[in-house]
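What follows is the residue order along each chain.
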Amino acid sequence: MAAGLVFTLLLGLSFGLWDGADAAQMNVANCNDCRFTMTWNDGRCFQYVELEMTWAKAEEFCRLSNGNLASMRSINDYYFITNYTHDNHYGEHKGTWVGGYDSAEEGTWMWSDGSRFLFNHWGPGQPNNQDGNENCMVISAGGNYHMNDDICSKELPFICAYTIEKSFSF
């Protein structure tokens, strides 16, 4: 009996017979949705900005275009962003702002886009909050792929990330 009910429900959905159903709605986005100055990775568009700003000004810049400083939601994001930074510095490692910060509470790191902070690829001895005022995350610190906490008022280039949502119906 239960199997018959499931079959009937699925059959009704496949033919659109269930009145008011949005079963055929889904969000679809791809690399073609990124602007020409951006690079696609794992469902988001990334933009490297050479203009040097403080962490807060960089976050504001990203938000003006409906984005945030880049967060690393997976190991894939970490490798993509480290390589993206390296490639945009012509093969050199230069400190670049990303969206991590702990200014609300020391040692409690968050991403500016609100995603869950699961990051654990800090450089050796980092984050160390040197001199008690390092609250913002920088990538490619110290001439390598490491992450570091740094002074938020430092002016550095940065990476914005944009989630592209596109509604598609069949």
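Structural data are supplied above this passage.
Residues numbered from 1 in each chain as written. Predicted model: local features only at pLDDT ≥ 70, side-chain atom pairs only at ≥ 80, totals over all residues. Heavy atoms only, no water.

**Focus: the overall build of the protein**
As a reminder, the rule being used: Every helix listed is a DSSP run of H or I at least four residues long, and every strand listed is a run of E at least two residues long, numbered separately from the N terminus. Only protein chains enter the accessibility calculation, which uses a 1.4 Å probe; a residue is then buried when its area is under 20% of its type maximum, exposed when over 50%, and partly exposed in between. Here, two residues are considered to be in contact whenever any of their heavy atoms come within 4.5 Å of each other. Working definition of accessibility: Shrake-Rupley area with a 1.4 Å probe, residue cover restricted to the visible protein chains.
Scanning the protein from N- to C-terminus turns up three helices and 10 strands. Reading the protein from its N end, one meets helices and strands in the order α-β-β-β-α-β-α-β-β-β-β-β-β. Here the protein, with 170 residues, has 39% of them falling under the buried criterion. Partitioning the contacts of the protein with sequence separation of at least 6, the portion at a separation of at least 24 is 69%. Of the roughly 10000 Å² of accessible surface on the protein, 54% is carried by carbon and sulfur atoms.

**Things to note about the pattern of salt bridges**
Oppositely charged side chains are able to pair whenever their charged atoms sit close together. We count it as follows: A pair is scored as a salt bridge if a Lys or Arg side-chain nitrogen falls within 4 Å of a carboxyl oxygen belonging to Asp or Glu.
The full count for this structure, using the stated rule, is five salt bridges. Close ionic contact of D113 with R73 constitutes a salt bridge, the shortest N to O distance being 2.9 Å. Linking D113 in the loop between β6 (110–111) and β7 (136–139) with R73 in the loop between β4 (68–69) and α3 (75–88), this pair joins segments that are 40 residues apart in sequence. Classification of D113 by relative accessible area gives partly exposed; the value is 25%. By sharing partners, the salt bridges in this structure join R44, R73, D77 and D113 into a single network.

**Considering the environment of H146**
Relative to the assigned elements, H146 resides in the loop between β7 and β8 (147–150). On the accessibility criterion, H146 (30% relative accessible area) is partly exposed.

**Quick look at the state of the cysteines**
Note the following rule: Cysteine sulfur atoms that pair up within 2.5 Å are treated as a disulfide.
Within the structure shown, the criterion is met by two disulfides. Across a sulfur-sulfur distance of 2.0 Å, C62 and C160 are joined as a disulfide pair. Negative torsions about the S-S bond denote left-handed disulfides, and the value of about -80 degrees found for C62 with C160 makes this one left-handed. Placement of the pair is C62 in helix α2 (residues 55–64) and C160 in strand β9 (residues 156–163), with a sequence separation of 98 residues. C62 gets classed as buried once you look at its relative accessible area, which sits at 0%. By relative accessible area, which is 0% here, C160 ends up buried. Across the disulfide, C136 is cross-linked to C152 (sulfur-sulfur distance 1.9 Å).

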